[in-house]
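Coordinate analysis (summary)
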Amino acid sequence: MSSHVDGYLRHIMDTCAVDRTGEVADYIPELAAVDPDGFGLSLCVHDGHIYSDGDSGVEFTIQSVSKPLTYAMALGRLGVEAVDAKIGVEPSGEAFNEISVDDRRRPKNPMINAGAILAASLLLPPVREVADDMVAKVFDELVDFYSACAARRLRIDEQVYASEAATGSRNRAIAYMLDSFGALDTAPDAALDLYYRQCSIRVTTDDLAVVGATIANGGVNPRTGRQAFSGQVAQRLLSVMTTCGMYDGAGDWVTGVGLPAKSGVGGGILAVLPGQLGIGVYSPRLDEHGNSVRGVEACRHLSSDLGLHMFNVTRESRVTIRSVFDISDIEVGPDWSEAERGFLRTCRDRVRVYELQGDLTFTGAESALRRLEADIDDYAVAIVEISRIDVIDPVARTMVLAMKRTLDDVGKRAMIVDPDGVVRASVDRHRRDTIAPNLNVPEDLRGFDPTLPHVHATMDQAIVDAEEFLLKQFTDR
Ligand code: GLN
């Protein structure tokens with residue numbers, strides 16, 4: 001069954017695909033040769049489930065999206081204090097390859113090339129002569145680390161690596177400048193070599209989404225359950241990605257999108273909603289800052305259409321299913337005939353109640369509805385009880401209502417017990433179009449019945465409705 005989330009992703013991709021502005025990176029032939037129309041989008045939620053669309057299986061080079069990962073490795077190995085002595089955390093407001101340092105002669109942050117080359121240098125032995133096989137050994141460890149974050153064995157693109165190394169005059173200038181300040185404890189060429197290799201690792205948007213979810217999850221990869229890095233490191237990555245990840249215009253990014261993110265000139269963007277999910281986007285046409293044009297737009301839409309801005313304030317970010325039970329313990333009502341009651345007693349286990357609690361936003365609705373879908377063979381009627389839900393996001397409401405329609409389509413029924421009229425209020429608000437004027441409801445989700453059938457004020461009413469539904473199925477047979 002194609003889920004409602006897939007519909008949203010498709011809609012966002014379709015909206016962004018019309019934009020053909022921007023140019024693919026052409027400083028090396030391998031990047032200039034990619035399909036400029038390639039476009040992939042993936043979302044990895046907190047339990048590791050991945051939604052993806054478009055060219056989500058196409059590999060591209062990670063480029064600068066590697067910067068937070070190498071920084072994470074350095075933080076894990078040397079500790080925060082030692083790394084902070086070498087690399088600042090201030091946004092530079094300058095281009096990624098600007099040759100710039102702060103007044104302590106530290107690169108301003110780890111997301112620009114100067115900081116990234118320095119972070120790579122910290123992984124190498126502090127000697128002036130570094131043998132090639134030593135760089136290769138450290139690179140193997142680096143690939144192990146990246147792979148642990150992506151839950152997949154990653155590989156280098158040898159051609160891109162060779163080209164990066166052959167053409168990197170500007171990066172060489174940066175490394176030698178750092179060296180002239182005494183900032184490097186290792187050989188500048190070794191640091192550069194490691195940096196070029198890390199930029200040349202091939203990834204897909206699924207990989208980036210999983211890495212993002214690992215950061216979102218405090219360093220625990222949700223697909224493997226393994227801790228790739230500490231919660232403290234995750235917090236640090238989120239901080240620098242928020243202030244420095246998208247180069248210039250950090251303020252605009254935080255207000256307009258509100259997702260810590262990192263872009264690369266290969267066309268990839270990794271974005272994170274802390275505590276909730278990771279996003280990977282790929283589209284190689286770049287804007288003047290070196291960020292993917294469609295990637296930026298897709299992030300904008302995810303944030304506004306799905307309510308994924310990190311400062312979308314809710315009290316409990318994750319809705320939980322408080323309990324699930326069938327109605328075997330609830331007596332059949334007295335209003336039916338003896339024969340009807342007899343039948344209804346045989347199918348009490350076909351009615352399942354799901355009690356939710358928390359604030360129902362995109363993430364919460366997604367996980368609750370996926371559970372309902374997974375259980376679909378176990379019930380004829382699903383009663384979703386939301387008396388403990390105080391706030392329901394417009395997008396979550398649309399998803400819940402779309403779920404009702406999905407069940408209708410397979411001859412089942414969803415009912416909602418909503419004593420406080422939360423769904424009703426949210427529909428009214430949405431009609432006035434004040435709460436989410438930007439909400440783009442995908443085509444196939446438009447036009448659901450606005451009269452909200454099967455939304456009940458009490459559980460008793462919902463059960464009577466469920467019994468009617470079962471009896472109707474019975475007599476229709
Ligand atoms: N390899 C590229 C460089 O070092 C990476 C830059 C980027 O993705 N922004 O210039």
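Just above, that's the structure.
Described below are features of the structure shown in this document.

About the criteria used
- Residues numbered from 1 in each chain as written.
- Predicted model: local features only at pLDDT ≥ 70, side-chain atom pairs only at ≥ 80, totals over all residues.
- Heavy atoms only, no water.
- Pairing = 2+ DSSP bridges.
- Helix = DSSP H or I, 4+ residues; strand = E, 2+ residues; numbered from the N terminus.
- Salt bridge = Lys/Arg side-chain N within 4 Å of Asp/Glu carboxyl O.
- Buried < 20%, exposed > 50% of the residue type's maximum accessible area, 1.4 Å probe, protein only.
- Expected span 1.5 Å × (residues − 1).
- Near = heavy atom within 4 Å.
- Polar contact = N/O pair within 3.5 Å; in protein donor to acceptor, adjacent residues only side chain to side chain.
- Areas by Shrake-Rupley, 256 points an atom, 1.4 Å probe, with all protein chains shown as cover.
- Nonpolar A, V, L, I, M, F, W, Y, C, P; charged D, E, K, R; others polar.
- Disulfide = S-S within 2.5 Å.
- Axes fitted to C-alpha atoms, helices over the stretch in contact; angles between N-to-C directions.
- Parallel < 35°, antiparallel > 145°, perpendicular 65-115°, else oblique.
- Left-handed = near helix turned anticlockwise from the far one by under 90°.
- Contact = heavy atoms within 4.5 Å.
- Phe/Tyr/Trp six-rings, centres within 6.5 Å; stacked < 30°, edge-to-face > 60°.
- Lys NZ or Arg CZ within 6 Å of the ring centre and 35° of its normal.
- Right-handed = clockwise from strand over helix to strand, strands pointing away.

A few words now on the sheet that holds strand S3 (residues 60–61). In sheet architecture, strand pairing relies on hydrogen bonds along the backbone and comes in two forms, parallel and antiparallel. Spatially, three strands are ordered S3-S5-S4 in an open sheet, and the strand pairing comes out antiparallel. If you trace the sheet from one side to the other, it starts and ends with S3 and strand S4 (155–156), each paired once. Bridge count for S3 against strand S5 (residues 201–203) is two bridges, and the pairing is antiparallel. Paired with Phe 60 across the strands is Val 203, a residue of S5.

Attention shifts here to the pattern of salt bridges. Counted according to the given criterion, the structure contains 28 salt bridges. Of the charged contacts in the structure, one is a salt bridge between Asp 102 and Arg 106, with a shortest N-O distance of 3.1 Å. Overall, the relative accessible area of 18% leaves Asp 102 in the buried class. Its relative accessible area of 15% is what places Arg 106 among the buried residues. Among the salt bridges present, the one from Arg 202 reaches Asp 157, with a minimum N-O distance of 2.9 Å. Remark: Asp 157 occurs in the loop between S4 and helix H7 (158–167) and Arg 202 occurs in strand S5; sequence separation between them is 45 residues.

Before going further, it helps to spend a moment on the environment of Glu 288. Inspection of the secondary structure assignment puts Glu 288 in the loop between strand S8 (277–282) and helix H13 (293–305). Given a relative accessible area of 72%, Glu 288 falls into the exposed group. Taking the C-alpha atoms as reference, Glu 288 lies 43 Å from Thr 406; in sequence the two are 118 residues apart.

The terminal C-alpha atoms of helix H16 (residues 394–409), which comprises 16 residues, lie 23 Å apart, in line with the 22 Å expected from a rise of 1.5 Å per residue. Burial analysis of H16 places 13 of its 16 residues in the buried class, the great majority of the element. Directly beyond the C-terminal end of H16, a positive phi value near 75° is found at Gly 411.

All residues adjacent to the ligand are Tyr 27, Gln 63, Ser 64, Phe 96, Asn 113, Glu 164, Asn 171, Tyr 195, Cys 199, Tyr 247, Gly 264 and Val 265. Here an oxygen atom of the ligand sits 2.7 Å away from a polar atom, N or O, in the side chain of Ser 64. Glu 164 places a polar side-chain atom, nitrogen or oxygen, 3.0 Å from a nitrogen atom of the ligand. Contact with the protein chains covers 95% of the free accessible surface of the ligand, which is 300 Å². Among the residues making up the shell around the ligand, the classes are represented as six nonpolar, five polar and one charged.

With that settled, consider the state of the cysteines. Enumeration over the complete set of coordinates arrives at zero disulfides. With no disulfide of its own, Cys 244 lies 17 Å from the sulfur of Cys 299, the closest cysteine sulfur. Its relative accessible area of 4% is what places Cys 244 among the buried residues.

With that settled, consider the packing of helix H8 (residues 169–180) against helix H9 (residues 188–199). Here H8 crosses H9 at 140°, and the two axes come no closer than 9 Å. When the interaxial angle is binned, H8 and H9 end up oblique. Note that H8 runs across H9; the crossing there is right-handed. Here Asn 171, Arg 172, Ala 175, Tyr 176 and Asp 179 of H8 come into contact with H9, specifically with Pro 188, Asp 189, Leu 192, Tyr 195 and Tyr 196. Across the contact of H8 with H9, the residue classes tally to six nonpolar, one polar and three charged.

This part covers the packing of aromatic side chains. Summed over all chains, the structure comprises four aromatic pairs. Look at Phe 60 and Tyr 282: their rings are 4.3 Å apart centre to centre, the planes differ by 10°, and that puts the pair in the stacked class. Remark: Tyr 282 occurs in strand S8 and Phe 60 occurs in strand S3; sequence separation between them is 222 residues. Since its relative accessible area comes to 4%, Tyr 282 is described here as buried. Its end group placed over the ring of Phe 39, Arg 294 keeps NZ or CZ at 5.0 Å from the ring centre. Directly above the ring of Tyr 379 sits Lys 412, whose terminal nitrogen or CZ lies 5.9 Å from the centroid.

Turning our eyes to something else, we now look at the packing of helix H6 (residues 132–150) against H9. At a minimum axis distance of 10 Å, the contact between H6 and H9 shows a crossing angle of 35°. As for how H6 packs across H9, the hand of that crossing is right-handed. On the side of H6, the interface is formed by Val 135, Ala 136, Val 138, Phe 139, Leu 142 and Tyr 146, while H9 contributes Ala 190, Asp 193, Leu 194, Arg 197 and Gln 198. Split into classes, the residues belonging to the contact of H6 with H9 amount to eight nonpolar, one polar and two charged.

Our focus in this paragraph is unusual backbone geometry. Residues other than glycine seldom take positive phi values, yet Gln 63 does so here, at roughly 50°. Within the secondary structure, Gln 63 is located in the loop between S3 and helix H3 (67–78). Notably, Arg 105 is not glycine yet its phi reads approximately 60°, a positive angle. Under the relative-accessibility criterion, Arg 105 is labelled partly exposed at 47%.

What follows is about the sheet that holds strand S6 (residues 261–263). Strand order in the open sheet made by the five strands is S2-S1-S8-S7-S6, with antiparallel pairing throughout. Unpaired on one side and paired on the other, strand S2 (50–54) and S6 mark the two borders of the sheet. Sheet twist, expressed as the mean angle between neighbouring strand axes with direction ignored, is 10°. Across three bridges, the pairing between S6 and strand S7 (residues 268–273) is antiparallel. Residue pairing in the sheet places Ala 261 in a bridge with Ala 271 of S7.

Strand S10 (residues 351–360) sits mainly inside the fold: nine of its ten residues count as buried. In this sheet, S10 lies alongside strand S9 (residues 320–326) in antiparallel orientation, the contact comprising six bridges. Considered in S10, the bridge of Ser 323 is made with Glu 355. In the sheet, S10 pairs with strand S11 (residues 381–392) via eight bridges, with the strands oriented parallel. Opposite Leu 360, over in S11, you have Ile 392 as the bridge partner. Once the chain exits S10 it traverses helix H15 (residues 362–374) before rejoining the sheet at S11, and the crossover so formed is right-handed.

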